[in-house]
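# Architecture and fold: a report
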Amino acid sequence: MKQFKDPDFLGEFIDRYRDMRNLWEVKNPLFSKKTARKASLDKLLEFVPDADIKFEDKKIGSLRSMHRKELQKVQKSLRSGAAAEDIYVPSLWYYSRMRFLEDQIESRKSLLTLPAPLPSTLPSTPAEASEDQPGPFILEEIEEPRWSQEDLSQDEALECGTQEV
């Protein structure tokens, strides 16, 4: 739809969307009523004669998604402790028009479900180790096997002898 590329048209569309609170306000009693939402979308569709509800719904989702991405960039720059001049300034021209959505966006809980770390039973330093706590220690040296000429066969002794030279 070419009219959505026109800033004046899109600005008017966003303003009409903002006026239909049951389409975006989660606590609105009509938000969860499909018939009320469809009626509001139909009314908004009158403003866009060439579109259908499916296209209109996708366009609204796209506008919301772009606004949310810009909002996350702003919030991330604020959390980073950046100086006032380093705070991200949204480049989306209709960002300020969509600010009515900001209190409706709630962050989801993380899906990461790692178990809490278990307390370590091994000592972290050799000084913490005692005879009651057996286990590997970092400072223990491993003895390398030492072979004498008697332990080696004659062929192996010859190979070792040529390697030494």
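In short, a report on the structure. (Residues numbered from 1 in each chain as written. Predicted model: local features only at pLDDT ≥ 70, side-chain atom pairs only at ≥ 80, totals over all residues. Heavy atoms only, no water.)

Turning next to the overall build of the protein. A count of helices and strands for the protein gives four helices and zero strands. Starting at the N terminus, the α and β elements of the protein follow one another as α-α-α-α. Within the protein, buried positions represent 25% of all 165 residues. Within the protein, counting contacts between residues at least 6 apart in sequence, those at least 24 apart form 52% of the total. Carbon and sulfur atoms make up 53% of the accessible area of the protein, which amounts to about 13,700 Å² in all. (Helix = DSSP H or I, 4+ residues; strand = E, 2+ residues; numbered from the N terminus. Buried < 20%, exposed > 50% of the residue type's maximum accessible area, 1.4 Å probe, protein only. Contact = heavy atoms within 4.5 Å. Areas by Shrake-Rupley, 256 points an atom, 1.4 Å probe, with all protein chains shown as cover.)

Tallied over the full model, the rule gives seven aromatic pairs. With a centroid separation of 4.8 Å and 65° between ring planes, the pair formed by W24 and F100 is classed as edge-to-face. One end of the pair, W24, is in the loop between α1 (7–19) and α2 (34–45); the other, F100, is in the loop between α3 (53–79) and α4 (154–164), and 76 residues separate them in sequence. Taken as a pair, W24 and F100 share a single burial class, namely buried. Residues W93 and Y94 carry aromatic rings whose centres are separated by 5.3 Å and whose planes lie at 85° to one another, so their mutual orientation is edge-to-face. (Phe/Tyr/Trp six-rings, centres within 6.5 Å; stacked < 30°, edge-to-face > 60°.)

Along the chain, M66 turns up in helix α3. In this structure the C-alpha to C-alpha distance between M66 and Y95, which are 29 residues apart in sequence, comes to 8.5 Å. Leave out the neighbours within four places in its chain, and M66 touches L92 and Y94.

Once that is clear, we can look at the packing of α2 against α3. Interaxial distance between α2 and α3 falls to 10 Å at its minimum, and their mutual angle equals 95°. One element, α2, and the other, α3, form an angle in the roughly perpendicular class. Across from K38, L41, D42, L44 and L45 in α2, the residues of α3 making contact are I53, E56 and I60. Along the lines of polarity and charge, the residues of the contact of α2 with α3 split into five nonpolar, no polar and three charged. (Axes fitted to C-alpha atoms, helices over the stretch in contact; angles between N-to-C directions. Parallel < 35°, antiparallel > 145°, perpendicular 65-115°, else oblique. Nonpolar A, V, L, I, M, F, W, Y, C, P; charged D, E, K, R; others polar.)

Structurally, F13 is set in helix α1. Along the primary structure F13 and I60 are separated by 47 residues, whereas in three dimensions their C-alpha atoms are 9.5 Å apart. Setting aside residues up to four positions removed in sequence, F13 forms contacts with F4, L44, F47, V48, E56, I60 and L63.

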